[in-house]
Amino acid sequence: VTVSVLYWVAMAAEAPVLSKVTLEFSGGCELLVNKQSKIVVDSKIPTGTTLRQLVLWIRDHVLAERPDHFVNATGDGIRPGVLMLVNDCDSEVVGGHDYVVEEGDSVAFISTLHGG
């Protein structure tokens, strides 16, 4: 059992959940989630979840393929080359992976890496 699975089991049993968080994927990231550009997550993400934990939740519950194109090599955050925005603001400005996701947030993932 991985640490992320244990986290989500513990959080689901103890904490209230956010009723709405919007996930957006573009620049190629949408290919990892069955070509969906927007996913609204209702009542599944525990209150107090950080962006780091959200990335792992997306890996475990949303990604359809190639998690290595989304999660970094150590498995604890977003891969370099994927821009993460919170409410249209670079996540690094609002606290990076330690930012706590809030009710109604929109979190966008944009790949900056393109083949050619």
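Residues numbered from 1 in each chain as written. Predicted model: local features only at pLDDT ≥ 70, side-chain atom pairs only at ≥ 80, totals over all residues. Heavy atoms only, no water.

Comments concerning the environment of Ala108
Its place among the elements puts Ala108 in strand S7 (residues 106-111). Here Ala108 is in contact with Glu24, Leu83, Met84 and Leu85, once residues within four sequence places are set aside. (Helix = DSSP H or I, 4+ residues; strand = E, 2+ residues; numbered from the N terminus. Contact = heavy atoms within 4.5 Å.)

What about the sheet that holds strand S2 (residues 21-26)?
The strand order S3-S2-S7-S5-S6 describes an open sheet built from five strands, whose pairing is mixed. A strand with exactly one partner marks an edge of an open sheet, and here the two such strands are strand S3 (38-41) and strand S6 (89-90). (Pairing = 2+ DSSP bridges.)

So, the environment of Thr49
If you trace the backbone, Thr49 turns up in the loop between strand S4 (45-46) and helix H2 (51-61). Residue Thr49 is classed as buried on the basis of its relative accessible area of 0%. Considering only alpha carbons, one finds Thr49 and Asp98, 49 residues apart in sequence, at a separation of 9.0 Å. In terms of polar contacts, Thr49 uses its side chain to reach the backbone carbonyl oxygen of Pro46, at 2.6 Å. (Buried < 20%, exposed > 50% of the residue type's maximum accessible area, 1.4 Å probe, protein only. Polar contact = N/O pair within 3.5 Å; in protein donor to acceptor, adjacent residues only side chain to side chain.)

Considerations on the environment of Phe70
You can see Phe70 is positioned in the loop between H2 and strand S5 (82-86). Through-space distance from the C-alpha of Phe70 to that of Ser111 is 8.8 Å; in sequence the pair is 41 residues apart. Discounting residues that sit within four places of it in the chain, Phe70 has contacts with Phe25, Leu32, Val55, Ile58, Leu63, Gly77, Ile78, Arg79 and Phe109.

As for the side chain of Ser91
Within the element layout of this structure, Ser91 appears in helix H3 (residues 91-94). With relative accessibility at 3%, the residue Ser91 sits in the buried group. Excluding anything up to four places from it in sequence, Ser91 contacts Leu51, Met84, Leu85, Val86 and Gly96.

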